[in-house]
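Analysis of the macromolecular model
Chain by chain, the residues:
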Amino acid sequence: MNPFSYGTVVKGENFYDREEESKRIVDTLGGGNNLVLYAPRRFGKTSLVFNAIEQLKKQGYNCIYFDFMPVFSPESFVRLYAKALSSQQSNLQKFAKTFISTVKNIRPVLGLGQEGKLEFSIDFANEKVDETIVSQLLDLPEMMAGKNQRILIFFDEFQEVEKLKDINFEGLLRSKVQQQQHVNYLFFGSKTHIMQAMFNNKNRAFYHAASQMTLGYLPEKDTVDFLQRNFSKKSVHISEEIAQYIISVTANIPHYIQLLAAEIWQNVETGTNITQDMVDKSVLRVVDMKSDYYVELFDHQSKSKKQFLLALCSSGKNIFSEDYIRRYRLPSYATLQRAVSGLINDGIIDRMGSEYFISDPFFKLFLKRTAL
Ligand SMILES: Nc1ncnc2c1ncn2[C@@H]1O[C@H](COP(=O)(O)OP(=O)(O)O)[C@@H](O)[C@H]1O
Ligand SMILES: [Mg+2]
């Protein structure tokens, strides 16, 4: 079994470090407050939150995880959120009763699912899903909690609520968050600029609605230990220097560290030493595997975006300075700003502090090899 995994939530011994961050989540939500967590994609937010949820569940909290990514309309929100709220309930009949008394306009259906277990779903009939229904559904967790219980809700990819602008979702949810006495929320998401605007802008509903934390890189020393520990399961030795090399080619992004390590694992013989050459070969294999996609991705970008992506292969600091714009032959300040926000919105680039970077380090390597 490959001990490295990526693309899914990592748990147990596959999950390392993040003790302080877990504790902050557990203490804040457990203590009755709301929290917002920012970090670029693939830094480990969802994994961290799942880890904290495990701990909170052990402390007896009722925890509900909800991902906004698949939400594209009020109707899809209602369908998916109702399902998420029901999924942790041991007594579905009781849940359905609370549902009926809180969400007046739609009918719940209790039926047998594939495994013969009772499942909850809703029947919209011809009902148009409007602000009223969404509002009633948002009241449901407080009703479920009752007087003596607390419910904790974890909203992943929260910036996607922008898709529900038409029904003023942001304002609606904010008023519920303020009213609810027995429910606390963790809001987290990858599009940090949108999230920050939501929570730090005076004119927005969520202005100062929660305390904030950011998730940084994993400490390099812990990653070196993790790589050495796991490769030793195959009696493979990896020196600190080569482990550091893996961290540097993957831009220290947790997802890509594991992806590259998994690729190396597949190609290394038991009882050997990992060399830089072996790492480079694995990098090339990953880039080759994805090259069709990368060709297309690059091809789809406007001229100014292409030019900026190439500039990012060299540096992501002070990108709006005159010097940077001149050095990399970039368009005017205004055009560059548009290109940057377009690329961020599409998840192609990200920002950490004041530094910009290409989100996928293998795409960066691809560009360095083919377009520079
Ligand atoms: N603490 C961690 N320990 C080990 N691997 C991690 C950790 N955090 C993230 N990863 C790696 O990064 C990948 C992406 O993590 P994920 O939680 O999905 O990130 P995000 O939600 O920020 O996009 C995981 O599949 C895993 O390979
Ligand atoms: Mg995630």
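Since this is a predicted model, take the numbers as computed values, not measurements. (Residues numbered from 1 in each chain as written. Chains lettered and ligands numbered in written order. Predicted model: local features only at pLDDT ≥ 70, side-chain atom pairs only at ≥ 80, totals over all residues.)

**What about the overall build of the protein chain?**
Condition: Strands are runs of DSSP state E lasting at least 2 residues, helices are runs of H or I lasting at least 4, and numbering of each runs from the N terminus. Values of the radius of gyration come from C-alpha atoms, whereas the globule rule sets the reference at 2.2 Å times the count of residues to the power 0.38. Between the buried cut of 20 or more and the exposed cut of 12 or fewer other C-beta atoms within 10 Å of a residue's own C-beta lies the partly exposed class, and all C-beta atoms are placed from the backbone. Contact definition: two residues whose C-beta atoms, as placed from backbone geometry, lie within 7 Å.
Helices and strands together make up the secondary structure of the protein chain, namely 16 helices and 9 strands. Rg of the C-alpha trace for the protein chain: 23 Å, near the compact-globule value of 21 Å for 372 residues, within the 12% margin. Scored against the burial criterion, the 372 residues of the protein chain give a buried share of 33%. When contacts within the protein chain are restricted to residue pairs at least 6 apart in sequence, those whose partners lie at least 24 apart make up 72%.

**Concerning the domain arrangement of the protein chain**
Our working definition: Each domain's limits were defined by an automated method or a database of domain assignments. In this count, Pro and Cys sit with the nonpolar residues alongside Ala, Val, Leu, Ile, Met, Phe, Trp and Tyr, while Asp, Glu, Lys and Arg are called charged and the others, Gly among them, polar.
Splitting the protein chain by domain gives domain 1 (18-214), domain 2 (220-251 + 258-289) and domain 3 (292-370). Contact with domain 2, which involves 6 residues of that partner, is made by 5 residues of domain 3. Sorting elements by how many residues they give to the side of domain 2 that touches domain 3 places helix 11 (residues 276-289) first, with 3 residues. Here the residues of the side of domain 2 that touches domain 3 sort into 5 nonpolar, 1 polar and no charged.

**Overview of the site of ligand 1**
To be explicit about the condition: Using a C-beta atom placed from the backbone for every residue, we mark a residue as near a molecule or strand if that atom lies within 6 Å of it.
Taken together, 23 residues lie near ligand 1, and Gly44, Lys45, Thr46, Ser47 and Pro254 sit nearest. Among the secondary structure elements, those contributing two or more residues to the shell around ligand 1 are helix 2 (45-58) and helix 10 (254-267). A class-by-class count of the residues in the shell around ligand 1 yields 8 nonpolar, 10 polar and 5 charged.

**Points about the packing of helix 8 (residues 220-231) against helix 9 (residues 240-249)**
Selection criterion: Only the stretch in contact is used when a helix axis is fitted, and all axes are lines through C-alpha atoms; the angle between N-to-C directions ranges over 0 to 180 degrees. Throughout, the term roughly parallel applies to angles under 35 degrees, roughly antiparallel to angles over 145, roughly perpendicular to angles from 65 to 115, and oblique to all others. For any pair of crossing helices, the crossing counts as left-handed if the nearer helix is rotated counterclockwise from the farther one by less than a right angle, and right-handed if it is rotated clockwise.
Where helix 8 meets helix 9, the axes come as close as 9 Å, and the angle between the chain directions of the two elements is 115°. What the angle tells us is that helix 8 and helix 9 run roughly perpendicular. Helix 8 and helix 9 meet at a crossing whose hand is right-handed. Only Glu240, Ala243, Gln244, Ile246 and Ile247 of helix 9 make contact with helix 8, whose side of the interface consists of Glu220, Thr223, Val224, Leu227 and Gln228. Within the contact of helix 8 with helix 9, the residues separate by chemical class into 5 nonpolar, 3 polar and 2 charged.

**Looking at the sheet that holds strand 6 (residues 183-189)**
Put simply, the rule reads: By this definition, two strands are paired if DSSP reports at least two bridges between them.
Taken together, the 5 strands give an open sheet; going across it, the order is 2-5-6-1-7, and neighbouring strands pair in parallel fashion. Of all strands in the sheet, those bounded by a partner on one side alone are strand 2 (62-67) and strand 7 (211-214). Across the sheet, the mean angle separating the axes of adjacent strands is 15° when strand polarity is ignored. Pairing analysis gives 6 bridges linking strand 2 to strand 5 (residues 151-156), with the strands arranged parallel. Among the inter-strand pairings, phenylalanine 66 is bridged to a residue of strand 5, identified as phenylalanine 155.

**Comments concerning helix 1 (residues 19-30)**
As a reminder, the rule being used: In this scheme, a helix's expected span is set at 1.5 Å multiplied by one less than its residue total. Here, the arc refers to the directions that run from the helix axis to the C-beta atoms.
The first and last C-alpha atoms of helix 1 sit 16 Å apart over 12 residues, in line with the 16 Å expected at 1.5 Å per residue. Buried within helix 1 are the following residues: Glu21, Ile25, Val26 and Leu29. Looking straight down helix 1, one finds its buried side chains confined to an arc of 135°; they lie on one side. In helix 1, the exposed positions angled more than 90 degrees off the buried face are occupied by Glu19, Glu20, Lys23 and Asp27. Residues of helix 1 that are buried sit in contact with strand 1 (35-38), helix 2, strand 5 and strand 6. Where helix 1 terminates, the next one or two residues include glycine 32, which has phi positive at roughly 90°.

**Overview of the pairing of strand 3 (residues 107-112)**
Of all 6 residues in strand 3, 0 are buried; the element is thus mostly exposed. In this structure, strand 3 lies alongside strand 4 (residues 118-123), joined through 6 bridges in antiparallel fashion. Bridge pairing in strand 4 places leucine 112 opposite leucine 118. The hairpin turn running from strand 3 into strand 4, its antiparallel successor, is 5 residues long, and glycine 116 in that turn takes a positive phi close to 75°.

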